[in-house]
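# Residue-level structural notes
Below, each chain spelled out in residue letters.
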Protein chains: 2
Amino acid sequence: MLPIVKGLIKGDRRSLARAITIVDNHEPESRQIIKEIFGRTGKARTVGFTGPGGAGKSSLVGRLIPECQALGRKVAVLAVDPTSPITGGAILGDRVRMLTNLEDERVFMRSMASRGAVGGVSKSLRNAIRVLDAAGYDLILVESVGAGQLEIEITKAVDLTVVVFTPNTGDNVQAVKAGLTEVGDVYVVNKADIDGAGVLYNTIVDLIGGTERKPDVLKTSAKTGKGVKELAHSIEKLLKERSINYKERQRRMLEDELKDMVSDIVELKVASMLAQNKKYSAIIDRLVDKETDPYVAAEQVAASLFR
Amino acid sequence: MLPIVKGLIKGDRRSLARAITIVDNHEPESRQIIKEIFGRTGKARTVGFTGPGGAGKSSLVGRLIPECQALGRKVAVLAVDPTSPITGGAILGDRVRMLTNLEDERVFMRSMASRGAVGGVSKSLRNAIRVLDAAGYDLILVESVGAGQLEIEITKAVDLTVVVFTPNTGDNVQAVKAGLTEVGDVYVVNKADIDGAGVLYNTIVDLIGGTERKPDVLKTSAKTGKGVKELAHSIEKLLKERSINYKERQRRMLEDELKDMVSDIVELKVASMLAQNKKYSAIIDRLVDKETDPYVAAEQVAASLFR
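Residues numbered from 1 in each chain as written. Chains lettered and ligands numbered in written order. Predicted model: local features only at pLDDT ≥ 70, side-chain atom pairs only at ≥ 80, totals over all residues.

## Structural notes on the overall build of chain A
Rules: In DSSP terms, a helix is any run of H or I states spanning at least four residues, a strand is any run of E spanning at least two, and both are numbered starting from the N terminus. Whether a residue is buried, exposed or partly exposed follows from its count of other C-beta atoms within 10 Å of its own C-beta, namely 20 or more, 12 or fewer, or something in between, respectively; the C-beta atoms are built from the backbone. C-beta atoms are placed from the backbone for every residue, and two residues are taken to be in contact when these atoms lie within 7 Å.
Of the regular secondary structure elements, chain A holds 13 helices and seven strands. Here chain A holds 307 residues, and 48% of them are scored as buried. Relative to all contacts within chain A whose residues are 6 or more apart in sequence, the contacts with residues 24 or more apart total 75%.

Structure (structure tokens):
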């Protein structure tokens, strides 16, 4: 067994932090770490927190930690924060804000900065969850910074998704309407002490009322702590309900992961084939000369790959 | 030839708009449209506009249009705006703001809303550019709304990238430093009439001064129009310089596209294999039971795919 794996299993925070860095950066050692810990995973449950920027996700997660600990959980927090090459510095604030909440030794908090591809984030996240799981953390709160495809990827990698809104901005009702109702297992109106919280709450309840599954809708205030205990209970209740079908969902998640990993391997293979083989080079020549079109060319290449 | 292709080649704006919708949504007709127009493409040049939200990209692009027309270009604008499932409504404002700039019949402006995967955006964008190219637009300005991976994808699909900053927000110097210097061919400090523009300009010049390639750094004001003509000239100059290696770059771009398309096909194939074949199902069973690990499983599946 690798010393780092021994360390993280024994509860050494340094080993744990280093192991997460390794899987986050897809360093070569990552593979051996996952191989060695994979058999020890499966106990942790994961909750994703998503929603527009400025909704107070970080503060809410900070408040939630002691409430989940009070329910017997060993809590870890992962902030997934794929730094944009353009707005690079903008998210640092969140990270710092979050860190200041967490001087508790019983909590492990990490920010994952996987630059680059969205797919890379899923891979990092799944493996970081495994590392924490093997280290004995049984509730992992995953906060997403950033929107769009990333949030969908996170939703796919966690057991439960909490969507956090706030009445702060005018376009939230818009946002709620824009298909969001599909994503959440729990909806939270945060900053419930400010104007507009009631309207937002009612809008969400209305939009969700019509759907088959009835997700919880809660009001919280990360500032005063109001409603946070209820959120912790709501999360535990849902996790318990879902533990019945846990193996089935686990299977689906592993299937997704396998697909992603196979695609990665295939992509590398395709790239090296395109780089080396004369036949592929000829197809690109024909494309450049417009003697074929991209669809036909892609099908030719794909067909030649498979048995 | 499809009537819609006939239409767009003849300059019918309705056909053009409809064709872009078809390729944007990856509708089945998309393939035939691209097949029929592919031989007519290759004349248009494309310029991407990227940078933090609020930098005034839309207004700048609006101002740039007449300047580029004055240089003999037939201009089209594509605003790539992949609506987030979370912050869905937030970007509409930009779109509307942009539209109000464009009542000119000689300009064609379209917002592309490709939901979902980042890869889907590249595909939509490449094909929308082809449609506009075949319709006779020879300068296509691509504005990106949103950050991160999307911007990298756009950069890969255009001939030239203009990065737009503004002294408005404090973290811009941060942003400039955060690896941005790799992306741009032209850097613009927009809103040059407000405080801090000089400092920001100097920061960019300093950061870029050390690099091999010397991109232009310009000050503009979309409000007054100052500097916009210079930007148009800078773009034309660079496009001219690059036209020497155009075929080589075109080849690289087609190679990228072919890789993406092959990956798409392979992904579908992998998914259907995983769904149907008992052997793959057995591998997932072993994963669920932790008798193997994801890396080994992925390699087994990938190996069985190839000739």
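Further notes follow.
## So, the pairing of strand β6 (residues 186-189) of chain B
Residues and elements named next belong to chain B. Here is the rule: When DSSP finds two or more bridges between a pair of strands, those strands are recorded as paired.
A two-sided burial pattern is seen for β6, the buried positions comprising V186 and V188 on one face and Y187 and V189 on the other. As judged from the four bridges shared by strand β5 (residues 160-165) and β6, these two strands associate in the parallel manner. Within β6, the residue paired with F165 across the bridge is V189. Across four bridges, β6 lies against strand β7 (residues 216-219) in parallel orientation. By the bridge assignment for β7, V188 is matched with L218.

## Topic: the sheet that holds strand β2 (residues 75-80) of chain A
Residue and element names in this part refer to chain A. What counts, and what does not: The axes are straight lines fitted to the C-alpha atoms, using for helices just the contacting stretch, and the angles between their N-to-C directions are given from 0 to 180°.
The strand order across the open sheet formed by seven strands is β3-β2-β4-β1-β5-β6-β7, and the pairing between neighbours is parallel. Unpaired on one side and paired on the other, β3 (108-112) and β7 (216-219) mark the two borders of the sheet. Strand-to-strand twist in this sheet, taken as the mean axis angle between neighbours without regard to direction, amounts to 20°. On the sheet, helix α4 (residues 57-70) packs against β1 (45-50), β2, β4 (139-144) and β5 (160-165) and is oriented at approximately 175° with respect to β4.

## Examining the sheet that holds strand β4 (residues 139-144) of chain B
Residue and element names in this part refer to chain B. Ordered by their spatial adjacency, seven strands build an open sheet running β3-β2-β4-β1-β5-β6-β7, and the pairing between neighbours is parallel. The open sheet terminates on both sides in strands that have one partner only, identified here as β3 (108-112) and β7. For this sheet the average axis-to-axis angle between neighbouring strands, irrespective of direction, equals 20°.

## Digging into the environment of P294 of chain B
With respect to the helices, strands and loops of the structure, P294 of chain B is situated in helix α13 (residues 294-305). For P294 of chain B, a count of 21 C-beta atoms within 10 Å gives the class buried. It is 9.7 Å that separates the C-alpha atoms of P294 of chain B and I283 of chain B, two residues lying 11 residues apart in sequence. Apart from the residues within four sequence positions on either side, P294 of chain B is in contact with I34, E257, L258 and M261 of chain A together with L287 of chain B.

## A short note on the packing of helix α12 (residues 278-288) of chain B against α13 of chain B
All names here are of chain B. The cut-off we apply is this: Under this scheme an angle from 65 to 115 degrees is roughly perpendicular, one under 35 degrees roughly parallel, and one over 145 degrees roughly antiparallel; angles in between are oblique. For this classification, Asp, Glu, Lys and Arg are treated as charged, while Ala, Val, Leu, Ile, Met, Phe, Trp, Tyr, Cys and Pro are nonpolar and the rest, including Gly, are polar.
The N-to-C vectors of α12 and α13 enclose an angle of 175°; their axes lie 10 Å apart at closest approach. For the element pair α12 / α13, the angle class is roughly antiparallel. Residues Y280, I283 and L287 of α12 form the contact with α13, whose participating residues are P294, A297, Q300 and V301. Of the residues belonging to the contact of α12 with α13, the class tally is six nonpolar, one polar and no charged.

## Let's talk about helix α2 (residues 13-24) of chain A
Residues and elements named next belong to chain A. So the rule is basically this: An expected span of 1.5 Å times one less than the residue number is assigned to each helix.
Helix length check: α2 (12 residues) gives 16 Å between terminal C-alpha atoms against 16 Å at 1.5 Å per residue, within 8%. All of the buried residues in α2 are S15, L16, A19, I20, I22, V23 and D24. A positive phi of about 50° marks H26, the residue just after α2.

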